[in-house]
Amino acid sequence: MALRPYIVGNWKMNGTRATLAEARAIDRAAARHPAVEVALAPPFTLVMAMAEAVQEIAVGGQDCHAKPSGAFTGDVAAAQLADAGARFAIVGHSERRTLHGEGDGLVRAKAEAALAEGLGVIVCVGETEAERDAGQAEAVVASQLAGSLPGAEAGVERVSVAYEPVWAIGTGRVPSLDDVGAMHRAIRAHLAAAYGAAGAGVRILYGGSVNAANALELLGADEVSGALVGGASLTAESFSAIIAAAAQRVEG
Ligand code: PGA
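Residues numbered from 1 in each chain as written. Predicted model: local features only at pLDDT ≥ 70, side-chain atom pairs only at ≥ 80, totals over all residues. Heavy atoms only, no water.

(A) Highlighting the site of the ligand. The full set close to the ligand counts 13 residues, and Lys12, His93, Glu164, Gly170 and Ser209 are the nearest of them. Protein contact buries 94% of the 280 Å² of open area that the ligand shows by itself. Of the residues that constitute the shell around the ligand, the class distribution is four nonpolar, seven polar and two charged. (Near = heavy atom within 4 Å. Areas by Shrake-Rupley, 256 points an atom, 1.4 Å probe, with all protein chains shown as cover. Nonpolar A, V, L, I, M, F, W, Y, C, P; charged D, E, K, R; others polar.)

(B) Representation of the nonpolar core in the model. Ile7, Ile26, Ile187 and Phe239 are the most contacted members of the largest nonpolar core, which has 66 residues in total. The greatest single-element share of this core, amounting to seven residues, is contributed by helix H10 (residues 236-251). Judged by nonpolar contacts, the second largest core, of twelve residues, contains Ala39, Ala41, Ala162 and Leu228. (Core = buried A, V, L, I, M, F, W, Y, C linked by side-chain atoms within 4.5 Å. Buried < 20%, exposed > 50% of the residue type's maximum accessible area, 1.4 Å probe, protein only. Helix = DSSP H or I, 4+ residues; strand = E, 2+ residues; numbered from the N terminus.)

(C) Looking closely at the packing of aromatic side chains. Per the stated rule, a full pass over the model turns up one aromatic pair. Sitting above the plane of the Tyr6 ring, Arg203 keeps its charged end 4.4 Å from the centroid. (Phe/Tyr/Trp six-rings, centres within 6.5 Å; stacked < 30°, edge-to-face > 60°. Lys NZ or Arg CZ within 6 Å of the ring centre and 35° of its normal.)

(D) Quick look at the environment of Ala109. Note that Ala109 resides in helix H5 (residues 104-116). Ala109 sits in the partly exposed class, given a relative accessible area of 30%. Sequence separation between Ala109 and Lys67 is 42 residues, and the spatial gap between their C-alpha atoms is 8.4 Å.

(E) Seen up close, the pattern of salt bridges. The tally for this structure, following the rule as stated, stands at 14 salt bridges. With its nearest N and O atoms 2.8 Å apart, the salt bridge here joins Lys110 to Asp63. Residue Lys110 is located in helix H5, and its partner Asp63 is located in the loop between strand E3 (58-61) and helix H3 (78-83); the two are separated by 47 residues in the primary sequence. The pair formed by Lys110 and Asp63 is uniform in burial state, with each residue classed as buried. Within the structure, one salt-bridge network assembled from shared partners comprises Asp63, Arg96, Glu102 and Lys110. (Salt bridge = Lys/Arg side-chain N within 4 Å of Asp/Glu carboxyl O.)

Now the structure itself:
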């Protein structure tokens, strides 16, 4: 793996203060594998407490609003995330795109808002099963990237992309390694076109049913520089195994 592997846990709407013990254990696992960059995105309610509880790992938000402040009931601004100790935000997750109707333009605005506050950003893209069956997967992802990636002037070195096929999220199904590699190569080419030389430094994470058993293999696919992990990031036991798999990929 050419870039420092980036293993990110997305806790979605899971976790209370009692779960911080898992975050502490994940933090200790991350300390054992300094070659790997590890991060967790808990629900907003836990960002501050988790950021205070850990030392090695970065804590981030699962979303942020595109505007700096205002009458947006229930939303959280990037500056508020940063103030709570967050270092990054995930934007454009398929659950936000589908369940909250977020389109590419909004995802891009959120990404730029996060970068403007000094946060890193993970921009998520991925096709549905119907789109893959129709042979449209690469075209769909290319169009999501064209619409959702932040502008070149916004801070490319803090941008990562997560390729998450919608049909692989939470289902236990994963694409073939060939399909993962082909999509990641296509994303890399898109990044080079969008960002020039800086595009080579953008990490491309695979997400969708990554677990302790398949992580080593998936992390070995072409142009995979990390993983965005949902269910298997909720316990230190499974997430630590994924961190260790990433370390094995770098250290051999
Ligand atoms: P999963 O979720 O690992 O539970 O499939 C991944 C994600 O939605 O980021």
